[in-house]
Amino acid sequence: MKKLLIKIWNGNLEMVKTFWLVNVLGSILVGIPLLLGDIYYDYLNEFLSIIILLFFILYCAYFVFATVATWRSSTIYINQKKKKKLKPFWGYAVKTVVVISVLRSFGSLVSFVIA
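Figured I'd write up the structure that's included with this text.

Thoughts on unusual backbone geometry
Now for step 1: The phi torsion at Lys85 lies on the positive side, around 60°, for a residue other than glycine.
Now for step 2: Turning to its location among the elements, Lys85 is positioned in the loop between helix H3 (46-83) and helix H4 (89-114).

Have a look at this one:
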C-alpha cells in the first residue's frame, strides 16, 4: 500500500487512473461524510461535530495529495506525448481542471471565512 501511495504521489500512475480514480472518485468518497454533516447539521452534537472536523482535515489532506498527484501525472503524460511527437491535449486539459479546482476551493474557503 505504501508503494502504491508513493507511486501515485510521484505521478507514476497513469494519468487517466490518477484523474478519475484518485482525483474524482477518491474526492467524492472522502467528501461523503462532509456532505452528510452538512445535510444533518442541525442534528449534530459536540461529538459528531468533532468527527466532522476530523473528516474535514482528512479531506484537506486528501485534496492536496490528489491535486499534487494529478498535476505530476499530467506532467509526465505531457512529456511522454511530446517525446513521441504526439499532441498532449489531455495532459493540458487535466492541468486546467486542477487549476480550476484549486481556485474554486480557495474561493470557497475565502467566502466561508468572510461570511
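More follows now that the structure is in view.
Description of the side chain of Ser73
Now for step 1: The topology assignment puts Ser73 in helix H3.
Now for step 2: Since its relative accessible area comes to 2%, Ser73 is described here as buried.
Now for step 3: Those residues in contact with Ser73, other than ones at most four positions away along the chain, are Gly11, Leu13, Glu14, Met15 and Thr18.

Quick look at the pattern of salt bridges
Now for step 1: Applying the stated rule across the entire model yields 1 salt bridge.
Now for step 2: Taking the shortest distance from any N to any O, the salt bridge between Glu14 and Lys17 comes out at 3.6 Å.
Now for step 3: A relative accessible area of 38% means that Lys17 is categorised as partly exposed.

Cut-offs applied
- Residues numbered from 1 in each chain as written.
- Predicted model: local features only at pLDDT ≥ 70, side-chain atom pairs only at ≥ 80, totals over all residues.
- Heavy atoms only, no water.
- Helix = DSSP H or I, 4+ residues; strand = E, 2+ residues; numbered from the N terminus.
- Buried < 20%, exposed > 50% of the residue type's maximum accessible area, 1.4 Å probe, protein only.
- Contact = heavy atoms within 4.5 Å.
- Salt bridge = Lys/Arg side-chain N within 4 Å of Asp/Glu carboxyl O.

Honestly, it's all geometry; don't read function into it.
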